[in-house]
Amino acid sequence: PKNRTLFTKRFAGKSGIGELMDDLGQAMASGDKLMLGGGNPGYIPEVATLWRDRLNEMVNSSNEIDSVLGNYDTPQGNENFINSIVSFFNRHFNFGITRENVVITNGSQCAMFNLLNILGGTGEDGIKRKVLFPLVPEYIGYADLHLEDDVFLSLKPIIEDLGFNRYKYRIDRDNLNKIKENLGALCVSRPTNPTGNVLTDDEIDFLHLFSKKRGIPLIIDNAYGAPFPQILFKDITLKWDENIVLSMSLSKIGLPSTRTGIVVANREIILALSRVNAITSLASGSLGQGITYPMLDDDRLINISKNLVKPFYQKRSNLTLELMDKYFQGIDYKVHVSEGALFLWVWFPSLPITSKELYTILKEKNVLIIPGNYFFFGLKEYWDHSDQCIRINYSGEERVVKEGIRIIGKTIKGL
Ligand code: PLP
């Protein structure tokens with residue numbers, strides 16, 4: 001429309017990621033493609049069977065299915081589910097939370113939208129407080145989430161070469177300590193989409209202390225993390241206190257369509273999120289909550305995660321790494337250590353073209369990946385590293401992943 005509102009301009013206009021997604025969608029629709037680009041979780045037959053069994057159980061008890069389908073929950077979420085979340089995290093992780101520390105949202109994307117806009121942006125005092133991403137590359141889905149321009153600030157990591165074509169990003173603590181801007185929150189995904197990095201406990205403790213000293217919360221997006229879906233290949237400590245906002249999701253355990261996000265935070269933040277939910281959604285969807293609350297109570301959810309979900313991804317990740325080491329031989333490449341999430345992040349330090357150009361060439365060869373440049377939002381200056389990386393989703397069919405990696409290797413050798 002003419003004279004677009006600022007909201008329309010911000011959210012209904014063109015965005016880099018929107019165009020990329022359209023392009024990927026069109027490419028997929030135009031025939032047989034090797035899809036290594038999407039964010040869909042893998043299909044795990046044993047897990048799908050468990051969801052089906054639980055749904056059958058609900059359908060066979062008319063009370064249960066009727067009440068899940070036929071009622072709005074409160075803006076905060078379903079009472080049974082919230083009770084189950086509270087006792088689950090107190091039982092297993094000693095969080096010491098009450099019902100007032102939990103809110104349910106329509107997916108964690110929605111939770112992040114509300115959180116970043118509640119915590120970052122211009123305050124009533126006229127001061128603009130930024131959301132700091134202490135390590136990019138970071139989740140592409142945050143990049144366009146704010147109502148205001150120029151709210152996101154991010155820092156480059158330190159790159160640690162681990163040898164054998166592997167490397168790891170580390171928080172640059174010195175640079176972080178130099179930040180002078182007014183901040184509203186710190187935000188990290190752990191495990192990180194797109195890199196598969198898992199910030200160490202020591203890094204989290206450092207960020208926690210930093211945010212406490214600044215009097216701002218630390219948001220930890222735990223969409224892939226412990227204890228569900230547990231797409232996490234190293235041991236970490238899951239901590240919570242009043243200064244941490246822990247965001248979780250049922251998507252990556254295999255229920256993305258139920259749009260269930262869970263936030264554990266202090267009462268003030270939970271109240272704000274519940275009120276926004278009431279205005280924008282009335283209530284969150286009940287199905288995911290209805291399916292899973294008994295599975296939180298009897299620990300089935302944690303066991304599915306540990307015994308089915310984690311091994312599935314660990315195996316796929318190992319296999320894809322082996323394929324890369326085979327087909328990328330002779331190329332200058334380094335893969336970020338795979339510590340969790342659905343992705344492998346590959347850096348080609350001497351790539352003669354940009355990763356965006358590589359994306360286009362690979363698309364012509366029917367291989368779809370995500371070019372890395374989208375994941376470096378919020379940086380104050382250009383960094384050539386951002387044009388040298390690609391993200392590969394390794395959770396698809398083995399045949400697809402294998403053929404895709406082979407073609408990527410051959411294409412780069414030919415450049
Ligand atoms: N956070 C991260 C790091 C993600 O990768 C995703 C989805 O890919 C989300 C949040 C949003 O997931 P959902 O809205 O399905 O919970």
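As the structure is a computational prediction, the values presented were derived from the model and not from experiment.

### With respect to the overall build of the protein chain
(1) Moving on: Helix and strand counts for the protein chain come out as 13 helices and 16 strands.
(2) Moving on: Rg of the C-alpha trace for the protein chain: 21 Å, near the compact-globule value of 22 Å for 415 residues, within the 12% margin.
(3) Moving on: Dimensions of the protein chain, computed from C-alpha atoms along their principal axes, come out at roughly 60 × 55 × 50 Å.
(4) Moving on: Counting only residues that meet the buried cut, the protein chain has 45% of its 415 residues in that class.
(5) Moving on: Long-range pairs, those at least 24 residues apart, make up 75% of the contacts in the protein chain with a sequence separation of at least 6.

### Some remarks on the sheet that holds strand 13 (residues 343-347)
(1) Moving on: Strand order in the open sheet made by the six strands is 6-7-12-13-16-15, with mixed pairing throughout. At either margin of the open sheet sits one strand with a lone partner, and together these are strand 6 (158-163) and strand 15 (370-371).
(2) Moving on: Pairing analysis gives two bridges linking strand 7 (residues 166-170) to strand 12 (residues 334-336), with the strands arranged parallel. Residue pairing across strands places arginine 166 opposite valine 335, the latter belonging to strand 12.
(3) Moving on: The strands touched by helix 11 (residues 300-327) are strand 12 and strand 13; relative to strand 13, the strand with the most contacts, the crossing angle is about 25 degrees.

### Description of the packing of helix 5 (residues 79-93) against helix 10 (residues 287-297)
(1) Moving on: Running from N to C, helix 5 and helix 10 cross one another at 30 degrees; their axes reach a closest spacing of 9 Å. In terms of orientation, helix 5 and helix 10 fall into the roughly parallel class. Regarding helix 5 and helix 10, the two cross each other, and that crossing is left-handed. Taken together, the residues of helix 10 that come into contact with helix 5 (itself represented by Asn80, Phe81, Ser84, Ile85 and Phe88) are Gln289, Tyr293, Leu296 and Asp297.

### Section: the site of the ligand
(1) Moving on: Residues in close proximity to the ligand total 14 residues, the closest being Gly107, Ser108, Gln109, Ser249 and Ser251.
(2) Moving on: Of the residues in the shell around the ligand, the class split is three nonpolar, 10 polar and one charged.

### Some words on the nonpolar core
(1) Moving on: Within the largest apolar cluster, 107 residues are counted, with the highest numbers of intra-cluster contacts made by Val264, Val346 and Ile369.
(2) Moving on: Both of domain 1 (6-47 + 304-413) and domain 2 (73-301) provide at least three residues apiece to this core.
(3) Moving on: Beyond its immediate stretch of four places on either side in the chain, valine 264 contacts Phe89, Phe95, Ile97, Asn101, Val102, Trp240 and Leu246.

### Re unusual backbone geometry
(1) Moving on: Residue proline 137 follows valine 136 across a cis peptide bond; omega there is 15 degrees.
(2) Moving on: With respect to the helices and strands, proline 137 occurs in the loop between strand 4 (128-133) and strand 5 (152-154).
(3) Moving on: A cis amide bond links arginine 190 to the next residue, proline 191, at an omega of -5 degrees.
(4) Moving on: With respect to the secondary-structure elements, proline 191 resides in the loop between strand 8 (183-189) and helix 8 (201-214).
(5) Moving on: The phi angle at asparagine 94 is positive, at roughly 55 degrees, despite the residue not being glycine.
(6) Moving on: With respect to the helices and strands, the residue asparagine 94 is situated in the loop between helix 5 and strand 2 (102-106).

### Looking at the domain arrangement of the protein chain
(1) Moving on: Domain assignment breaks the protein chain into domain 1 (6-47 + 304-413) and domain 2 (73-301).
(2) Moving on: Using only C-alpha atoms to locate each centre, domain 1 and domain 2 end up separated by 23 Å.
(3) Moving on: Listed per partner, the contact involves 37 residues of domain 1 and 43 residues of domain 2.
(4) Moving on: Within the residue set of the side of domain 1 that touches domain 2, elements represented by two or more residues are helix 11, strand 12 and strand 13.
(5) Moving on: Top element by residues in the side of domain 1 that touches domain 2 is helix 11. It accounts for eight residues.
(6) Moving on: Residues that form the side of domain 1 that touches domain 2 fall into these classes: 22 nonpolar, eight polar and seven charged.

Scoring rules and cut-offs
- Residues numbered from 1 in each chain as written.
- Predicted model: local features only at pLDDT ≥ 70, side-chain atom pairs only at ≥ 80, totals over all residues.
- Helix = DSSP H or I, 4+ residues; strand = E, 2+ residues; numbered from the N terminus.
- Rg over C-alpha atoms; globule rule 2.2 N^0.38 Å.
- Buried ≥ 20, exposed ≤ 12 C-beta atoms within 10 Å, placed from the backbone.
- Contact = placed C-beta atoms within 7 Å.
- Pairing = 2+ DSSP bridges.
- Axes fitted to C-alpha atoms, helices over the stretch in contact; angles between N-to-C directions.
- Parallel < 35°, antiparallel > 145°, perpendicular 65-115°, else oblique.
- Left-handed = near helix turned anticlockwise from the far one by under 90°.
- Near = placed C-beta within 6 Å.
- Nonpolar A, V, L, I, M, F, W, Y, C, P; charged D, E, K, R; others polar.
- Core = buried A, V, L, I, M, F, W, Y, C linked by C-beta atoms within 7 Å.
- Domains from an automatic or database assignment.

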